[in-house]
Amino acid sequence: DQQVKQNSPSLSVQEGRISILNCDYTNSMFDYFLWYKKYPAEGPTFLISISSIKDKNEDGRFTVFLNKSAKHLSLHIVPSQPGDSAVYFCAANRHQFYFGTGTSLTVIP
Amino acid sequence: SQTIHQWPATLVQPVGSPLSLECTVEGTSNPNLYWYRQAAGRGLQLLFYSVGIGQISSEVPQNLSASRPQDRQFILSSKKLLLSDSGFYLCAWSVSWGPSTNEKLFFGSGTQLSVL
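Residues numbered from 1 in each chain as written. Chains lettered and ligands numbered in written order. Predicted model: local features only at pLDDT ≥ 70, side-chain atom pairs only at ≥ 80, totals over all residues. Heavy atoms only, no water.

### Section: the interface of chain A and chain B
And step 1. On the chain B side, the residues contacting the 20 residues of chain A number 23 residues.
And step 2. For the chain A face of the interface with chain B, the top three residues by lost area are H95, F97 and F99 of chain A, together amounting to 30%.
And step 3. Where chain A meets chain B, there are 0 salt bridges.
And step 4. Listing elements by their share of the side of chain A that touches chain B, those giving two or more residues are β4 (32-38), β5 (45-51), β9 (86-94) and β10 (96-99) of chain A.
And step 5. Among the elements that take part in the side of chain A that touches chain B, β4 of chain A stands out by supplying 4 residues, more than any other.
And step 6. The residue makeup of the side of chain A that touches chain B, split by class, is 9 nonpolar, 7 polar and 4 charged. (Contact = heavy atoms within 4.5 Å. Buried area = accessible area lost by both parts, 1.4 Å probe. Salt bridge = Lys/Arg side-chain N within 4 Å of Asp/Glu carboxyl O. Helix = DSSP H or I, 4+ residues; strand = E, 2+ residues; numbered from the N terminus. Nonpolar A, V, L, I, M, F, W, Y, C, P; charged D, E, K, R; others polar.)

Below is the structure:
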């Protein structure tokens, strides 16, 4: 049972434009959400997180939005850069970490 | 600062052979330790986690086992590998464990296992 879902397996964006990666979850008890970035043949690295008491968290070019009523979060990257090309995993934490299946982002120069 | 070491980086093994992947964490005490697998084209699947020495919880019944002989050492093993064991294996650690934790998960560099 996939409690965290990323329904878009891939996304292509032009350099300089905004990248929006989406994530949905089913368990309303989740109270902490994370985004990880993964390059091929490397371990995922932590990117940004948000607590359920907030609806937005920003760190440089990266912003995560949380809509608890819709059980939806999104990661915005502005402006997108070629180095952002990677697989992005959404995760939720309650007793353990639940990961989505990932979205492969390609930023086209 | 904390670091996590995982080896080997790549491994090619024949079907039926044994497996041992090792992971160690430095710079922290009593970490929670995890083994994940990323199969081709799929997400991160939690295989095992451990909250202390000798304490192993299995998430998915399978051909693999895990052990934690020391506080900061986590080992993934198999007696006889199957073709379906191929994948990218990741060790990870976190600081705390609780109902409302804001802790992060930190990953090792991964092991690409190919079973032929």
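### Some details on unusual backbone geometry
And step 1. Cis peptide bonds are those with omega within 30 degrees of zero, and the linkage from V78 of chain A to P79 of chain A qualifies with -15°.
And step 2. Among the secondary structure elements, P79 of chain A is positioned in the loop between β8 (72-77) and β9.
And step 3. P8 of chain B follows W7 of chain B through a cis peptide bond whose omega is 0°.
And step 4. In this fold, P8 of chain B is placed in the loop between β1 (3-7) and β2 (10-13).
And step 5. Phi is positive for A41 of chain A, close to 60°, though the residue is something other than glycine.
And step 6. Inspection of the secondary structure puts A41 of chain A in the loop between β4 and β5.
And step 7. A41 of chain A gets classed as exposed once you look at its relative accessible area, which sits at 61%. (Buried < 20%, exposed > 50% of the residue type's maximum accessible area, 1.4 Å probe, protein only.)

The quantities given are spatial measurements derived from coordinates; they are silent on function.
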